[in-house]
Amino acid sequence: MQGDAEIGEFLNEHLTAELTAINQYFLNAKMLQNWGLPGLAKQFRDLSFDEMRDAEELMDRILYYEGHPNLQRLDPISIGETPLEMIQLGLELELEAIARLKRGVELTVARSDHGTRELLAGMLVEEEEHADRFESQLEAIGHIGIENYLARYGFPEST
Ligand SMILES: [Fe+2]
Ligand SMILES: [Fe+2]
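Quick notes on the rules
- Residues numbered from 1 in each chain as written.
- Chains lettered and ligands numbered in written order.
- Predicted model: local features only at pLDDT ≥ 70, side-chain atom pairs only at ≥ 80, totals over all residues.
- Helix = DSSP H or I, 4+ residues; strand = E, 2+ residues; numbered from the N terminus.
- Buried ≥ 20, exposed ≤ 12 C-beta atoms within 10 Å, placed from the backbone.
- Contact = placed C-beta atoms within 7 Å.
- Axes fitted to C-alpha atoms, helices over the stretch in contact; angles between N-to-C directions.
- Parallel < 35°, antiparallel > 145°, perpendicular 65-115°, else oblique.
- Left-handed = near helix turned anticlockwise from the far one by under 90°.
- Nonpolar A, V, L, I, M, F, W, Y, C, P; charged D, E, K, R; others polar.
- Expected span 1.5 Å × (residues − 1).
- Core = buried A, V, L, I, M, F, W, Y, C linked by C-beta atoms within 7 Å.

*Asks:* So what exactly am I meant to see when it comes to the overall build of the protein here?
*Replies:* Secondary structure assignment for the protein yields 5 helices and 0 strands. In sequence order, the secondary structure elements of the protein are arranged as α-α-α-α-α. When the backbone C-alpha atoms are referred to their principal axes, the protein occupies close to 55 × 30 × 30 Å. Here the protein, with 159 residues, has 30% of them falling under the buried criterion. In the protein, of all internal contacts separated by at least 6 residues, the share reaching a separation of at least 24 is 76%.

Below, the structure is given as C-alpha coordinates:
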(Lines give C-alpha, C1' and ligand atoms only; values in the text may rest on other atoms or scores of the structure.)
(Ligands and ions follow the chains in the order given, each with its own letter.)
Protein backbone atom coordinates (compact mmCIF):
# COMPACT_ATOMS: atom_id res chain seq x y z
CA MET A 1 0.00 0.00 0.00
CA GLN A 2 1.29 3.46 -0.90
CA GLY A 3 1.79 5.61 2.18
CA ASP A 4 2.12 9.30 2.92
CA ALA A 5 5.64 10.51 2.01
CA GLU A 6 6.11 12.59 5.13
CA ILE A 7 5.01 9.74 7.39
CA GLY A 8 7.44 7.48 5.53
CA GLU A 9 10.23 9.95 6.21
CA PHE A 10 9.26 10.12 9.86
CA LEU A 11 9.29 6.33 10.20
CA ASN A 12 12.82 6.20 8.79
CA GLU A 13 13.95 9.08 11.01
CA HIS A 14 12.70 7.23 14.06
CA LEU A 15 14.19 3.97 12.78
CA THR A 16 17.60 5.69 12.73
CA ALA A 17 17.11 6.71 16.36
CA GLU A 18 16.08 3.18 17.36
CA LEU A 19 19.10 1.66 15.61
CA THR A 20 21.27 4.15 17.48
CA ALA A 21 19.61 3.23 20.79
CA ILE A 22 20.14 -0.50 20.13
CA ASN A 23 23.87 0.09 19.68
CA GLN A 24 24.26 2.53 22.55
CA TYR A 25 22.53 0.28 25.08
CA PHE A 26 24.22 -2.86 23.80
CA LEU A 27 27.68 -1.31 24.11
CA ASN A 28 26.74 0.05 27.56
CA ALA A 29 25.67 -3.47 28.60
CA LYS A 30 28.95 -4.99 27.46
CA MET A 31 30.99 -2.29 29.26
CA LEU A 32 28.98 -2.70 32.48
CA GLN A 33 29.45 -6.47 32.30
CA ASN A 34 33.17 -5.90 31.86
CA TRP A 35 33.19 -3.59 34.90
CA GLY A 36 31.69 -6.38 37.00
CA LEU A 37 28.15 -4.96 37.20
CA PRO A 38 26.01 -7.75 35.70
CA GLY A 39 22.72 -6.49 37.17
CA LEU A 40 22.99 -3.08 35.55
CA ALA A 41 24.39 -4.72 32.41
CA LYS A 42 21.24 -6.82 32.13
CA GLN A 43 19.03 -3.74 32.34
CA PHE A 44 20.84 -2.14 29.39
CA ARG A 45 20.86 -5.40 27.43
CA ASP A 46 17.09 -5.77 27.92
CA LEU A 47 16.60 -2.16 26.83
CA SER A 48 18.68 -2.79 23.72
CA PHE A 49 16.40 -5.72 22.84
CA ASP A 50 13.26 -3.61 23.49
CA GLU A 51 14.58 -1.04 21.01
CA MET A 52 15.31 -3.80 18.51
CA ARG A 53 11.66 -4.88 18.63
CA ASP A 54 10.73 -1.24 17.95
CA ALA A 55 13.10 -1.16 14.98
CA GLU A 56 11.49 -4.33 13.63
CA GLU A 57 7.99 -2.87 13.91
CA LEU A 58 9.10 0.31 12.17
CA MET A 59 10.72 -1.68 9.35
CA ASP A 60 7.55 -3.76 8.94
CA ARG A 61 5.48 -0.57 8.74
CA ILE A 62 7.80 1.06 6.20
CA LEU A 63 7.66 -2.08 4.04
CA TYR A 64 3.87 -2.23 4.38
CA TYR A 65 3.84 1.23 2.81
CA GLU A 66 6.21 0.02 0.09
CA GLY A 67 9.01 2.21 1.40
CA HIS A 68 12.66 1.37 2.01
CA PRO A 69 13.83 0.89 5.60
CA ASN A 70 17.15 2.72 5.90
CA LEU A 71 19.65 0.73 7.93
CA GLN A 72 22.69 2.61 6.66
CA ARG A 73 22.29 5.55 9.00
CA LEU A 74 23.10 5.98 12.70
CA ASP A 75 23.04 9.07 14.90
CA PRO A 76 26.16 9.70 17.01
CA ILE A 77 26.27 7.24 19.92
CA SER A 78 26.60 8.77 23.41
CA ILE A 79 28.42 6.03 25.27
CA GLY A 80 29.24 7.50 28.67
CA GLU A 81 32.39 6.80 30.66
CA THR A 82 30.79 5.78 33.97
CA PRO A 83 27.63 3.91 35.01
CA LEU A 84 26.11 7.21 36.16
CA GLU A 85 26.79 8.84 32.78
CA MET A 86 25.24 5.85 31.01
CA ILE A 87 22.04 6.29 33.00
CA GLN A 88 22.00 10.06 32.39
CA LEU A 89 22.62 9.62 28.65
CA GLY A 90 19.98 6.88 28.52
CA LEU A 91 17.46 9.28 30.03
CA GLU A 92 18.41 11.93 27.44
CA LEU A 93 17.97 9.40 24.63
CA GLU A 94 14.53 8.37 25.94
CA LEU A 95 13.36 11.99 26.36
CA GLU A 96 14.37 12.70 22.76
CA ALA A 97 12.49 9.58 21.62
CA ILE A 98 9.39 10.73 23.52
CA ALA A 99 9.49 14.20 21.90
CA ARG A 100 10.02 12.66 18.44
CA LEU A 101 7.19 10.15 18.87
CA LYS A 102 4.79 12.88 20.01
CA ARG A 103 5.62 14.72 16.79
CA GLY A 104 4.99 11.49 14.87
CA VAL A 105 1.66 10.87 16.57
CA GLU A 106 0.57 14.43 15.71
CA LEU A 107 1.59 13.96 12.07
CA THR A 108 -0.33 10.69 11.76
CA VAL A 109 -3.44 12.22 13.35
CA ALA A 110 -3.22 15.17 10.92
CA ARG A 111 -3.09 12.68 8.01
CA SER A 112 -5.75 10.36 9.51
CA ASP A 113 -3.28 7.45 9.48
CA HIS A 114 -4.67 5.81 12.58
CA GLY A 115 -2.89 2.50 12.12
CA THR A 116 0.51 4.17 12.26
CA ARG A 117 -0.74 6.44 15.05
CA GLU A 118 -1.60 3.35 17.10
CA LEU A 119 1.85 1.88 16.49
CA LEU A 120 3.68 5.09 17.45
CA ALA A 121 1.48 5.71 20.49
CA GLY A 122 2.32 2.22 21.79
CA MET A 123 6.02 2.96 21.36
CA LEU A 124 5.56 6.30 23.10
CA VAL A 125 4.18 4.58 26.21
CA GLU A 126 7.11 2.14 26.20
CA GLU A 127 9.69 4.95 25.92
CA GLU A 128 7.95 6.77 28.78
CA GLU A 129 8.43 3.63 30.87
CA HIS A 130 12.12 3.52 29.91
CA ALA A 131 12.56 7.19 30.84
CA ASP A 132 10.73 6.63 34.13
CA ARG A 133 13.09 3.78 35.01
CA PHE A 134 16.17 5.96 34.44
CA GLU A 135 14.60 8.86 36.36
CA SER A 136 13.88 6.61 39.33
CA GLN A 137 17.46 5.36 39.27
CA LEU A 138 18.84 8.91 39.24
CA GLU A 139 16.56 9.77 42.14
CA ALA A 140 17.76 6.77 44.15
CA ILE A 141 21.39 7.63 43.34
CA GLY A 142 20.69 11.17 44.56
CA HIS A 143 19.52 9.73 47.88
CA ILE A 144 22.08 7.02 48.60
CA GLY A 145 25.04 7.91 46.34
CA ILE A 146 26.39 6.07 43.31
CA GLU A 147 28.65 3.67 45.28
CA ASN A 148 25.80 2.47 47.48
CA TYR A 149 23.51 2.27 44.50
CA LEU A 150 25.90 0.09 42.52
CA ALA A 151 26.60 -2.11 45.54
CA ARG A 152 22.88 -2.76 45.90
CA TYR A 153 21.61 -2.76 42.30
CA GLY A 154 24.69 -3.44 40.17
CA PHE A 155 24.08 -7.16 40.63
CA PRO A 156 21.22 -9.50 39.74
CA GLU A 157 18.48 -10.17 42.30
CA SER A 158 19.61 -13.14 44.41
CA THR A 159 16.20 -14.86 44.38
FE1 LIG B 1 12.37 2.36 21.22
FE1 LIG C 1 13.58 3.29 24.92
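*Asks:* Before we go on, may I ask you to explain the packing of helix H4 (residues 114-144) against helix H5 (residues 146-153) in this structure?
*Replies:* Between two packed helices, both the angle of their axes relative to each other and the distance between the axes serve to describe the pair. In the contact formed by H4 and H5, the axes pass within 7 Å of each other and the chain directions differ by 120 degrees. One finds that H4 runs oblique with respect to H5. On H5, the residues that touch Ala 140, Ile 141 and Ile 144 of H4 are Ile 146, Asn 148 and Tyr 149.

*Asks:* Where do I start with the packing of helix H1 (residues 5-34) against helix H2 (residues 38-64) in this structure?
*Replies:* Taken N-terminus to C-terminus, the directions of H1 and H2 make an angle of 160 degrees; their axes are 8 Å apart at the nearest point. If you check the angle between H1 and H2, you find them roughly antiparallel. Two packed elements cross with a definite hand, and for H1 against H2 that hand is left-handed. For the contact of H1 with H2, the residue count by class is 19 nonpolar, 6 polar and 5 charged.

*Asks:* Help me understand H4 in this model?
*Replies:* Given 3.6 residues to a turn, an α-helix orients residues that are three or four positions apart in the same direction. With 31 residues, H4 extends 45 Å from end C-alpha to end C-alpha; this agrees with the ideal 45 Å at 1.5 Å per step. Those residues of H4 lying buried are Thr 116, Leu 119, Leu 120, Met 123, Glu 127, His 130, Phe 134 and Gln 137. On its buried face, H4 sits against H1, H2 and helix H3 (83-110). Two residues or fewer after H4 comes Gly 145, characterised by a positive phi angle close to 85 degrees.

*Asks:* Before we go on, may I ask you to explain the nonpolar core in this structure?
*Replies:* The tendency in soluble globular proteins is for nonpolar side chains to be buried side by side. Among the nonpolar cores identified, the biggest contains 24 residues, and Leu 15, Tyr 25, Phe 44 and Ala 55 are the most heavily contacted of them. Residue assignment for this core shows that the elements contributing at least two residues are H1, H2, H3 and H4. Among the elements that line this core, the one with the most residues is H1, at 11 residues. With sequence-adjacent residues up to four places away left out, Leu 15 is seen in contact with Ala 55, Leu 58, Met 59, Pro 69 and Asn 70.

*Asks:* Before we go on, may I ask you to explain unusual backbone geometry in this structure?
*Replies:* Glycine aside, a negative phi is what most residues show, and trans is what most peptide bonds show. Phi at Glu 66 takes a positive value of approximately 60 degrees, unusual for a residue other than glycine. For Glu 66, the position within the fold is in the loop between H2 and H3. Classification of Glu 66 by C-beta neighbours within 10 Å gives exposed; the count is 10. For Ser 112, which is not a glycine, the phi torsion comes out positive at approximately 55 degrees. Tracing the backbone shows Ser 112 in the loop between H3 and H4.

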